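Each chain is listed here by its residues.
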Amino acid sequence: MSHGPRSGLAAVSSALLAMSRHLEVRDVLKTIVTSARELLDAQYAALGVPDDHGGFAQFVVDGVSEEQWKAIGPLPRQHGILAAMLHEARSERLADVRKDPRFEGWPKAHPDLVDFLGLPIRDGDEVIGALFLANKLRPAGGHPPGPKPEGGCGFTQDDEELLGILAQHAAIALTNARLYERSRELTIAEERSRLAHELHDAVSQKLFSLRLTAQAAARLVDRDPSRAKGELQQVAALAAEAADELRAAVVELRPAALDEDGLVATLRTQIQVLDRAHSARVTFSGHGVKALPASQEEALLRVAQEALHNALRHSGADHVDVTLDRRGGGAVLRVTDDGSGFDPQAVRRAGRHLGLVSMRDRASGAGGTLTVESVPGKGTTIEMEVPGG
């Protein structure tokens, strides 16, 4: 096959590796589209993921500027050739898409498309997307072609076969990205449930104290009005604390916003919740940490949560301190408590890992390292370092 400067096995391999590097669905879609356009020397490329309502849940383009895309308007509907590809699940190679009887026009700001190559992306029998290329470029000149002298399509059978290989790998990459996002949603749901339980415990304790204090004030109101007044003041203070906890439940139990807020803000928010929910003092500081690859940020967050859970539930600590600092191009997380500590070797021999295996696996999976320092009676420090991107 010959496909211009991006031709050859190395170019195909590069495109497939790029697809496998991303975990976010949007990043996977963009990588597929960019790879297809470059490999097949097309002026334009697009990938649509259908929804259940006759439109596209996602539609990613390459070769069109952001200003052009905004001018084109809303996402396209599934009609004409797009519908045929999705519903009939077959490839389309056209010399001039505008002359096809199924062509129904496009918005005024839409670029002119001439020759066209489209292929469905399939996961088994399900069509999970469609990949489109338009305007085959001349290998030498790099400009959109005019009418072909022979009246045929600029995209060849070789192009169609190469796009078919890309589509097969795109299906795998897209399916994996969806599974990753679903797994992350489940993890977030589990974390929200755990935080809800901790907040419930904190509010229940406040309300129990409030009830006992109110009962004491009621018994004292006739025989010792001065003491009753003091108890009522305590009732007011406990009621205010309970109200604060309930507000925290509303504010803090929204879905975790690691992507939107970043690792430092997400950690700070969750640690504020834990500080309110537990008798131990829980503190956090973060210094100079830049944005990290998504997989590393998620691993740091999960290790911090596991280490905090151990410290607050099992160590009897009075103070747990979490720090996140920049180290080179990456970051180092440190969770330190002044609790009972343990002998790491004895814990490992007894088979009670306190989540250490899970934390080590998360660190290793993100390209980082985990170290554990603990001595019975002298607390524990868990440190995780990642290299950055």
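Residues numbered from 1 in each chain as written. Predicted model: local features only at pLDDT ≥ 70, side-chain atom pairs only at ≥ 80, totals over all residues. Heavy atoms only, no water.

### Notes on the overall build of the protein
Phase 1: Looking only at helices and strands, the protein features 10 helices and 10 strands.
Phase 2: The buried share of the protein, taken over its 389 residues, is 44%.
Phase 3: When contacts within the protein are restricted to residue pairs at least 6 apart in sequence, long-range pairs at least 24 apart make up 63% of them.
Phase 4: Working note: accessible area of the protein is about 20,100 Å², and carbon and sulfur atoms make up 52% of it. (Helix = DSSP H or I, 4+ residues; strand = E, 2+ residues; numbered from the N terminus. Buried < 20%, exposed > 50% of the residue type's maximum accessible area, 1.4 Å probe, protein only. Contact = heavy atoms within 4.5 Å. Areas by Shrake-Rupley, 256 points an atom, 1.4 Å probe, with all protein chains shown as cover.)

### Quick look at the pairing of strand β10 (residues 380-386)
Moving residue by residue along a regular strand, the side chains alternate between the two faces of the sheet.
Phase 1: Most of β10 is tucked away, with six of its seven residues classed as buried.
Phase 2: Sheet analysis places strand β8 (residues 330-337) next to β10, joined by seven bridges and oriented antiparallel. The partner of Thr336 across the bridge, within β10, is Thr381.
Phase 3: The pairing of strand β9 (residues 369-374) with β10 spans six bridges and is classified as antiparallel. What sits directly across from Thr369, in β10, is Glu385.
Phase 4: Hairpin connection between β9 and β10: a loop of five residues separates the two successive antiparallel strands, and Gly377 in this loop has a positive phi of roughly 85°. (Pairing = 2+ DSSP bridges.)

### With respect to the pairing of strand β4 (residues 116-123)
Phase 1: Counting buried positions over the eight residues of β4 gives six, a clear majority of the element.
Phase 2: Bridging between strand β3 (residues 92-94) and β4 involves three bridges; their strand directions are antiparallel. Its bridge partner lying in β4, Arg93 is registered against Leu117.
Phase 3: Bridge analysis of β4 against strand β5 (residues 126-136) gives eight bridges, and the strand direction is antiparallel. Residue pairing for β5: Gly118 is matched across the bridge by Phe132.

### Side note on helix α2 (residues 25-39)
Because an α-helix packs 3.6 residues into every turn, residues spaced three or four apart end up facing the same way.
Phase 1: Between its first and last C-alpha atoms α2 spans 21 Å; for 15 residues at 1.5 Å apiece the expected length is 21 Å, and the two agree.
Phase 2: Those residues of α2 that sit buried are Val25, Val28, Leu29, Thr31, Ile32, Val33, Ser35, Ala36 and Leu39.
Phase 3: Phi turns positive, to about 50°, at Asp41, one or two residues after α2. (Expected span 1.5 Å × (residues − 1).)

### Description of the environment of Arg178
Phase 1: Among the secondary structure elements, Arg178 is positioned in helix α5 (residues 157-223).
Phase 2: Each C-alpha atom of the pair Arg178 and Val25 lies 6.3 Å from the other, and the pair is 153 residues apart in sequence.
Phase 3: Not counting residues within four places of it along the chain, the set of residues in contact with Arg178 comprises Val25, Val49 and Ile128.

### So, the nonpolar core
Phase 1: In this structure, Leu267, Leu300, Leu308, Leu324, Leu333, Leu370 and Met384 are the most contacted members of the largest nonpolar core, which totals 35 residues.
Phase 2: When contributions to this core are tallied by element, the ones reaching two or more residues are α7 (258-277), β6 (281-287), α8 (294-314), β7 (319-327), β8, α10 (356-365), β9 and β10.
Phase 3: Ranked by residues supplied to this core, first place goes to α8 with nine residues.
Phase 4: What Leu324 contacts, discounting residues up to four positions off in sequence, is Leu263, Val264, Leu267, Phe284, Ser285, Gly286, His287, Val289, Leu300, Ala331, Val332 and Leu333.
Phase 5: In terms of nonpolar packing, the next biggest core, distinct from the first, is built from 30 residues, Leu29, Leu119, Leu174 and Ala177 among them. (Core = buried A, V, L, I, M, F, W, Y, C linked by side-chain atoms within 4.5 Å.)

### A closer look at the sheet that holds strand β1 (residues 42-50)
Phase 1: If you walk across this open sheet you meet the five strands as β2-β1-β5-β4-β3, and the pairing is antiparallel. The sheet is open, and its two edges are formed by β2 (56-62) and β3, each paired on a single side. Across the sheet, the mean angle from the axis of one strand to that of its neighbour is 15°, orientation sign disregarded.
Phase 2: Contacting β1, β2 and β5, α2 runs over the sheet at an angle of about 40° to β2.
Phase 3: Of the strands in this sheet, β1, β2, β3, β4 and β5 are in contact with helix α4 (residues 80-88), which crosses β5 at around 140°. (Axes fitted to C-alpha atoms, helices over the stretch in contact; angles between N-to-C directions.)

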